[in-house]
Amino acid sequence: MKTVAFYTLGCKLNFSETSTIGRLFTDAGYGVVEFTQGADVYVINTCSVTDHADKKCRKVVKEALKYSPNAYVTIVGCYAQLKPTEIAEIPGVDMVLGAAEKFRIVEFISDLTKEPKAVVHQQNIEKVNHNFIAAYSIGDRTRTFLKVQDGCDYPCTYCTIPLARGGSRSDTIENVLNRARQIAESGVKEIVLTGVNLGDFGIRNGKREDRFFDLVRALDEVEGIERIRISSIEPNLLSNDIIEFVASSKRFVPHFHIPLQSGSDKILGLMRRRYQRDLYTERVAKIKSVLPDCCIGVDVIVGFPGETQQDFLDTYQFLNELDVSYLHVFTYSERDQTPAAEMAGVVPGAVRADRSKMLHILSDKKRRAFYQSQLGAVGEVLFEDDQKNGFMHGFTRNYVKVRAKYDPVMVNEVKTVKLVGLSADGEVEVEESEQVLAH
């Protein structure tokens, strides 16, 4: 039996697509093995969000060939769509597949003969604009990443995603519900909805046919899934209807991840974001009014062209005063073919790094404060199949990470626990259900 191994860089959407590509190989008679086992075929799914894509891709290719010197190496993903010729020059790469070709990978890899030059199959992104291909991850029994939307119509000046994935397009609600039921039957307890611009769900063949809120209401009725989590949603697309529905939902959990990118209206304008910070403030206030214990995560970019020290301090102060739970901090990096790469006011690399460090420290403080606010509460934790220093981990519905003594019986089980303390490394310690009931 021929074997295949995978390596995924980037977002939850990439993980869902890697898992789907893995099933294509399994159906074709391949055995899926761990990266370090030495496979006949290596598939590397790339990301293009930062300027480290090239460096990371080269490193993973080198590692793959260390484990299997004669392996057939194929590169897919956003970086492969954007820079196929550049990737084809990386030593050891045999094939590069663009966005429209990656789900036909088994057809292209029928012959594992390594040629002197890498083969490239990639076409203009316009060709995939109306073609939605479903994907979901299976393998982690605890949760599944379910792709319901792809592409983006928002022209943010720093972003290559529309160039790499094309315009916004979605699955049908009926198809999503059928996949959710299949996932429930497999024993998975939690679904994480993923997409490039998830809140823009509902566009098919260039026309809006549904809204994200319609999908949320329909999914809430699917039996067998205990939790549904929204991975990320733009503030201008997170309506009061959605917030209020989640507050009374059977399955949707109190956790929102809402990109901000900057707390300066000037910088938001330069980025061509579709809101100003007042709207963001309103969204957070609305969430906290109906879901006081809701976890709110924030994406923020530092060092965007034109960001002065005062602009950064405005962002810092805005986030410091905002009732949010953690930050995902991105250091701005120039991307080819984007308007931002040509903008004046370039922020020096060392300044970008200093600003990033400040926000990472703020994020740690925010997360710790949020966790402390939850101490004494009784919550339901879905435990995962991990073990570190004798402990296993899991998440509450509102995304508090907890740890408990490892017990294989608790894997993929929802347990009622009391959150009792914070460990030195910031993890929440719990009393197990028997102790909680005894109190």
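To be clear, the structure that these remarks concern was listed above.
Here is a short report on the structure shown in this document.

Thresholds, definitions, all that
Residues numbered from 1 in each chain as written. Predicted model: local features only at pLDDT ≥ 70, side-chain atom pairs only at ≥ 80, totals over all residues. Heavy atoms only, no water. 1 Å grid on protein atoms, 1.4 Å probe; cavity = no way out; pocket = protein on both sides within 12 Å on 5 of 7 lines; lining within 4 Å. Points joined across faces, edges and corners; volume = space filled by probe spheres on them. Nonpolar A, V, L, I, M, F, W, Y, C, P; charged D, E, K, R; others polar. Pairing = 2+ DSSP bridges. Helix = DSSP H or I, 4+ residues; strand = E, 2+ residues; numbered from the N terminus. Contact = heavy atoms within 4.5 Å. Axes fitted to C-alpha atoms, helices over the stretch in contact; angles between N-to-C directions.

Focus: empty space enclosed by the protein
No. 1: All told, the structure shown has two cavities of 30 Å³ or more when counted by the stated rule.
No. 2: Approximately 100 Å³ is the volume attributed to the largest cavity.
No. 3: Around the largest cavity sit 13 residues that line it, and Ala-99, Phe-103, Asn-131, Asp-150 and Arg-169 are the ones nearest its centre.
No. 4: Of the residues that constitute the lining of the largest cavity, the class distribution is six nonpolar, one polar and six charged.
No. 5: Taken as a whole, the second largest cavity encloses approximately 60 Å³ of empty space.
No. 6: Around the second largest cavity sit Ser-48, Tyr-79, Leu-82, Lys-83, Thr-160, Arg-335, Asp-336 and Gln-337, which together line it.

Description of the sheet that holds strand S5 (residues 95–97)
No. 1: If you trace the six strands from one edge of the open sheet to the other, you get S2-S1-S3-S4-S5-S6, paired in parallel fashion. The open sheet has two free edges, formed respectively by strand S2 (31–32) and strand S6 (119–121), since each of these has just one partner strand.
No. 2: In the sheet, strand S1 (residues 3–8) pairs with strand S3 (residues 41–46) via five bridges, with the strands oriented parallel. Directly across from Thr-8, in S3, lies its bridge partner Asn-45.
No. 3: In the packing of helix H2 (residues 53–67) onto the sheet, the strands contacted are S1, S3 and strand S4 (72–77), and the crossing angle to S3 comes to about 165°.

So, the layout of surface pockets
No. 1: The volume enclosed by the second largest pocket comes to roughly 550 Å³.
No. 2: Forming the walls of the second largest pocket are 21 residues, and the residues nearest its centre are Phe-6, Phe-15, Thr-18, Ser-19 and Ile-138.
No. 3: Of all elements in the fold, only S1, helix H1 (12–27) and strand S8 (143–147) reach the threshold of two or more residues within the lining of the second largest pocket.
No. 4: Considering each element in turn, the lining of the second largest pocket owes the most residues, six residues, to H1.

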